[in-house]
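This is what each chain is made of:
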Amino acid sequence: MNLIYYIVTALCLVIIQTTILPDSSLFDNFFDLLIPLTVYMGFFRPFHEGAPIVLFFGFIMDSLSGAPFGLYISTHVWLYFGARGIRSFLHVRNYVLMPLTIAAGVLLENLLFLGAFFFLKTGPAEKGAVFHSIGVQLFWAALMGTLLNLLLLRFQTWVDQWRKMHARRGDGVG
Amino acid sequence: MFSKKMVMIIGVVFLIAVNMVVIFVTSTRQATSESGGVAISLIAPFQAAVTNSIGFVKDTWRHYFYLVTVSRENDHLKTKLSLANEKNDRLNEVVRSNFRLRKLLNFQETIASETLAAEVIGKDPSLWYKTIGIDKGAEDGVRMGLPVVTPEGVVGQVIQVSDSYAKVMLIINYISGVDVLVQRTRARGIIKGSAEKGCRLEYVLRKHDVRTDDVIISSGLDGVFPKGQRVGRVSAVLKRKAGVFQEITVIPYVDFEKLEEVLVVTNPPELPMMDEQ
């Protein structure tokens, strides 16, 4: 049940990122919406739930994007394990740590992409535009990423309550 | 011999190195994996559904609620249409005389004419790479490497195909390159994507005369795009004191932010050298 919920959530985020956001000039430089989900999975969910979702949707993003195959999977896997590492020694429901981690994830992804450009000897020659784009992404990530994670936590609570209610009734919904 | 911490650090460094090598290897190869096509087939129907819904809402707004400016726009368009008709008549004469001259000199036909209309269903999730998804695939005759155009100009090239959908790399992508000519002076160069909204025209020698508002067209020499397809217009030219090439900025004719329908050219031109061989 939880897996279905995360698959639907991730799917909605991918669809929003590839069809709705590009239509609006306000979100010209928007961050990768799957990064807050990856951070959320690393912070709050067990390994058997988080790892398959992160891997699968990293693969989906690599397939949809023109980026070198493996960039999205790499970013999300490293971010996921980084988040799991952080949670072992920090209190992760901290409202300062969460936006910082999401912003760090966005920065990591951008650095990986720019690193790929460096290896390919191609990419944007205009450094000002690059810094501007990353800056705007970090702003949106700090602002919206935390809201997204709080929404995910809230929806998770509702899903858990719904499961408990059906378990009590003996519906066997898992 | 080594502490647990040291082993972990060495392991992480090794994993990072392997990761970088894998990404470098995949980035130097074209995307041909079947699994990538399957992933596109999984997500594309949802993208198409959302895009069509948004299109329906936009159409309803435009046709029923936004009529205030329609009448003004109608008058403006009528004036433009009459000017365009006059220009069209003059150009028809040019076409006829061009046809006669080509017939006289026994030139080969260069323009491909078979096209397949497709709708844009999604865009690249990354900010750094510019691709679009279209709702036509292998079942409709789309193949890897086919050029994609619109009446406004050149759009890009097909880079991945599944049964019913395909991915198109736009000419504003950083790793895209289109062989072009300056229409006025026939100076040759390569169009590449730029971080700003536009393209760069590279490898144009300093000796060539290129000016602002010059029209850039496809040369046909890359074997991808038919010759003479509009690409963009020059917006800035910079000749530095040192350097072999000029720095030229080009604004594409196609508005990639509002791209909704495209045409896939299903019989692209062959390279002239291949025919001679």
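Residues numbered from 1 in each chain as written. Chains lettered and ligands numbered in written order. Predicted model: local features only at pLDDT ≥ 70, side-chain atom pairs only at ≥ 80, totals over all residues. Heavy atoms only, no water.

Caption draft 1: Spatial organisation of the packing of aromatic side chains. Counted according to the given criterion, the structure contains 21 aromatic pairs over all chains. By way of ring pairs, the aromatic residues Tyr72(A), Phe113(A), Phe117(A), Trp128(B), Tyr129(B) and Tyr174(B) are connected into one cluster. Arg230(B) extends its terminal NZ or CZ atom over the ring of Tyr253(B), reaching a point 3.9 Å from the ring centre. (Phe/Tyr/Trp six-rings, centres within 6.5 Å; stacked < 30°, edge-to-face > 60°. Lys NZ or Arg CZ within 6 Å of the ring centre and 35° of its normal.)

Caption draft 2: Looking closely at the nonpolar core. Counting residues in hydrophobic clusters, the biggest one holds 59 residues, and the most contacted among them are Leu34(A), Leu37(A), Phe57(A) and Trp128(B). Only helix H1 (2-20), helix H2 (34-44), helix H3 (47-64), helix H4 (71-87), helix H5 (97-120) and helix H6 (127-169) of chain A together with helix H2 (34-65) of chain B provide two or more residues apiece to this core. Sequence-distant contacts of Leu34(A), defined by excluding residues within four places in its chain, comprise Ala10(A), Leu13(A), Val14(A), Gln17(A), Phe57(A), Met61(A) and His76(A). Val158(B), Val178(B), Val182(B) and Phe225(B) belong to the second-largest nonpolar core, a separate cluster that totals 39 residues. (Core = buried A, V, L, I, M, F, W, Y, C linked by side-chain atoms within 4.5 Å. Buried < 20%, exposed > 50% of the residue type's maximum accessible area, 1.4 Å probe, protein only. Helix = DSSP H or I, 4+ residues; strand = E, 2+ residues; numbered from the N terminus. Contact = heavy atoms within 4.5 Å.)

Caption draft 3: Geometry of the sheet that holds strand E9 (residues 215-218) of chain B. Spatially, the six strands close up into a barrel ordered E6-E7-E8-E11-E10-E9 (chain B), and their pairing is antiparallel. The average undirected angle you get between the axes of adjacent strands in this sheet is 40°. (Pairing = 2+ DSSP bridges. Axes fitted to C-alpha atoms, helices over the stretch in contact; angles between N-to-C directions.)

Caption draft 4: Representation of unusual backbone geometry within the structure. Residue and element names in this part refer to chain B. Although it is not a glycine, Arg 186 adopts a positive phi angle of roughly 65°. Residue placement: Arg 186 occurs in the loop between strand E6 (178-182) and strand E7 (188-193). Here the phi dihedral of Tyr 203 falls at roughly 65°; this positive angle occurs in a residue that is not glycine. By secondary structure assignment, the location of Tyr 203 is in the loop between strand E8 (199-202) and E9. Residue classification places Tyr 203 among the partly exposed positions, given a relative accessible area of 43%.

Caption draft 5: Spotlight on the environment of Lys130(B). Residue and element names in this part refer to chain B. Relative to the elements of secondary structure, Lys 130 occurs in the loop between strand E1 (115-123) and strand E2 (131-134). On the accessibility criterion, Lys 130 (28% relative accessible area) is partly exposed. Along the chain, Lys 130 and Tyr 174 lie 44 residues apart, while their C-alpha atoms are 8.0 Å from each other. For Lys 130, the residues in contact, after removing those within four places along its chain, are Asp 124, Val 168, Met 169, Leu 170, Ile 172 and Asn 173.

Caption draft 6: Local environment of the packing of H4(A) against helix H1 (residues 4-27) of chain B. In the contact formed by H4(A) and H1(B), the axes pass within 10 Å of each other and the chain directions differ by 160°. One way to sum up the angle between H4(A) and H1(B) is to call them roughly antiparallel. Our pair here, H4(A) against H1(B), has a crossing hand that is left-handed. In this structure, H4(A) contributes Leu71(A), Ser74(A) and Trp78(A) to the contact, and H1(B) contributes Val12(B), Leu15(B), Ile16(B), Asn19(B) and Ile23(B). (Parallel < 35°, antiparallel > 145°, perpendicular 65-115°, else oblique. Left-handed = near helix turned anticlockwise from the far one by under 90°.)

Caption draft 7: Highlighting the interface of chain B and chain A. Across the boundary between the two partners, chain B contributes 42 residues, which contact 45 residues of chain A. When chain B packs against chain A, the two sides together hide about 3,700 Å² of surface, and 68% of this comes from carbon and sulfur. Of all residues in chain B, Pro125(B), Trp128(B) and Tyr129(B) give up the largest surface area on contact with chain A, accounting jointly for 21% of the area buried on that side. Linking chain B to chain A there are one salt bridge. Here Lys58(B) ties to Asp23(A) by a salt bridge, and the two come within 3.3 Å at their closest N and O atoms. Considering each element in turn, the side of chain B that touches chain A owes the most residues, 12 residues, to H2(B). Across the side of chain B that touches chain A, the residue classes break down as 21 nonpolar, 13 polar and eight charged. (Buried area = accessible area lost by both parts, 1.4 Å probe. Salt bridge = Lys/Arg side-chain N within 4 Å of Asp/Glu carboxyl O. Nonpolar A, V, L, I, M, F, W, Y, C, P; charged D, E, K, R; others polar.)

These figures come from the coordinates and say nothing about function on their own.
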